[in-house]
Amino acid sequence: MLAGYYDDSCDSTIFAVGGLVNAVSVWKSFTVEWQRKLDEFPAIEYYKASEARVRSQQRLSNNQFRNLSEKQVLEKEKLLAKIIADHKGYAVFSLINRADFQSIVLPRVGRRNHGPGKYTGHEYHFPFWGCVLNSVKYLRQNNIEDQIDFFFDEQGSVGKWARDMYEYAKKNDAFRDIGQYLGVCVPHDDKEIVALQAADLIASQSRRWSNQGVAKVRGDATSEVMDIIADLPVRMTYWHADDLRKMVDMHYPSSEDSNLRQ
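Not measured: the values here are computed from a predicted model. (Residues numbered from 1 in each chain as written. Predicted model: local features only at pLDDT ≥ 70, side-chain atom pairs only at ≥ 80, totals over all residues. Heavy atoms only, no water.)

All right, on to a nonpolar patch on the surface then. A surface patch of nonpolar side chains, about 250 Å² in accessible area, is lined by Trp-209, Val-234 and Met-236. When you line up the elements, Met-236 lands in strand β6 (residues 234-239). The exposure class assigned to Met-236 is partly exposed, which follows from its relative accessible area of 35%. (Patch = residues over 30% accessible without salt bridge, like charges linked within 9 Å, V, L, I, M, F, W, Y side chains within 5 Å. Areas by Shrake-Rupley, 256 points an atom, 1.4 Å probe, with all protein chains shown as cover. Salt bridge = Lys/Arg side-chain N within 4 Å of Asp/Glu carboxyl O. Helix = DSSP H or I, 4+ residues; strand = E, 2+ residues; numbered from the N terminus. Buried < 20%, exposed > 50% of the residue type's maximum accessible area, 1.4 Å probe, protein only.)

Laid out in structure tokens, this is it:
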């Protein structure tokens with residue numbers, strides 16, 4: 001049995017969801033080693049990329065990295081990344097440009113609080129399914145007959161939304177050919193589940209990698225962490241504007257399109 005853990009990361013430009021898939025038995029040893037690295041000096045209770053990215057002089061008292069220098073934060077991230085690399089498995093991530101979502105998807109979704117629209121009308125939707133489908137695609141391409149349970153960061157209502165969307169979609173005939181690979185979908189607290197902290201690191205690194213031109217200008221050290229996990233098998237989806245237009249044309253035709261079809 002396989003388990004995939006996924007988290008999201010965003011900035012003003014990119015919304016990303018990323019994660020890791022591995023055997024349940026491997027996640028058990030992973031959890032022990034990750035916790036050991038968290039506890040090593042300088043100790044933190046949990047890893048959260050959004051807290052790690054705050055400049056040292058701007059960290060609040062509840063930030064896990066408040067007493068660490070930026071160099072110490074980077075070293076802690078590199079140690080955690082090595083645990084990811086050592087435990088193999090495979091990584092997935094999926095990204096969408098937030099401006100494309102706002103200009104292409106939202107105007108066509110319609111009633112965002114009812115039916116499929118309440119899922120598609122959230123920018124989490126496309127990266128979420130990008131990760132689910134990439135996770136399954138890896139199994140199919142490698143002739144692995146197994147099922148994946150999907151675990152996402154709960155984040156209040158978003159976790160419930162992701163679970164409901166997943167269950168809604170599983171009943172759709174469009175997913176019949178991959179149904180054998182789809183296990184449960186359960187939201188969890190990333191402060192308690194260390195595998196979700198690893199997913200957070202993957203999502204954050206993939207988003208920053210996608211903005212690598214900006215990162216280089218800022219002198220960002222992302223590559224030092226990304227280089228450690230670079231040899232993992234990866235499945236990636238970037239939702240280009242043309243892809244989004246095809247999706248909304250298919251599922252949310254404009255009134256003009258609807259009239260033509262009639």
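Turning our eyes to something else, we now look at unusual backbone geometry. Residue Phe-41 is joined to Pro-42 through a cis peptide bond whose omega torsion reads -5°. One can find Pro-42 in the loop between α1 (24-39) and α2 (49-52). Phi at Lys-88 is positive, roughly 60°, even though this residue is not glycine. Of note, the phi angle at Asn-143 is positive, near 55°, even though the residue is not glycine. With respect to the secondary-structure elements, Asn-143 resides in the loop between α6 (125-141) and β4 (148-153). By relative accessible area, which is 68% here, Asn-143 ends up exposed.

Attention shifts here to empty space enclosed by the protein. All chains considered together, the criterion is met by one cavity of 30 Å³ or more. In this model, the largest cavity occupies a volume close to 60 Å³. Forming the boundary of the largest cavity are Leu-20, Val-21, Asn-22, Val-26, Trp-27, Phe-30, Ile-84, His-87, Lys-88 and Gly-89. Looking at the lining of the largest cavity, the elements with two or more residues in it are β2 (14-23) and α1. Within the lining of the largest cavity, the residues separate by chemical class into six nonpolar, three polar and one charged. (1 Å grid on protein atoms, 1.4 Å probe; cavity = no way out; pocket = protein on both sides within 12 Å on 5 of 7 lines; lining within 4 Å. Points joined across faces, edges and corners; volume = space filled by probe spheres on them. Nonpolar A, V, L, I, M, F, W, Y, C, P; charged D, E, K, R; others polar.)

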